[in-house]
Amino acid sequence: MKEIKAIEKELKVPAVRTILGTYSYKDYADLLNVLAHKEFLSIHEAVVYFGVGTNFMYELVNRPDADFVVPNGRQRLIARDKFKEYMMAGKLKERNKAE
């Protein structure tokens, strides 16, 4: 919290803290705009873009029905459009049923 207050004081604007860093609202809007144009997102980028928690995103990625996950070596990427369809289909609510 201290970091946000320092940035707000330095920039003289409110700040937003994400897993990717702390941004002014303008920079945060720019980040979301960039993420909206990427076809594949890292897990942390997907957390910021879709507004879900990090632990929950890892749970989703490890589900057997996660057709939105694209392996890239050791890294797993999220296909943005497929994940959006997955969310709109209401499959996020099935949290405990996947286990």
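## A closer look at the environment of Tyr-58
- With respect to the element layout, Tyr-58 can be found in helix H4 (residues 54–61).
- With a relative accessible area of 31%, Tyr-58 lands in the partly exposed category.
- Setting aside chain neighbours within four positions, we find Tyr-58 in contact with Ile-43, His-44 and Arg-76.

## Digging into the packing of aromatic side chains
- Scanning all chains against the criterion turns up 5 aromatic pairs.
- Ring geometry for Tyr-49 and Phe-50: centres 4.9 Å apart, planes at 85 degrees, overall edge-to-face.
- Owing to a relative accessible area of 14%, Phe-50 belongs among the buried residues under this scheme.
- Of the aromatic side chains, those joined through ring pairs into one cluster are Tyr-49, Phe-50, Phe-68, Phe-83 and Tyr-86.

About the thresholds
- Residues numbered from 1 in each chain as written.
- Predicted model: local features only at pLDDT ≥ 70, side-chain atom pairs only at ≥ 80, totals over all residues.
- Heavy atoms only, no water.
- Helix = DSSP H or I, 4+ residues; strand = E, 2+ residues; numbered from the N terminus.
- Buried < 20%, exposed > 50% of the residue type's maximum accessible area, 1.4 Å probe, protein only.
- Contact = heavy atoms within 4.5 Å.
- Phe/Tyr/Trp six-rings, centres within 6.5 Å; stacked < 30°, edge-to-face > 60°.

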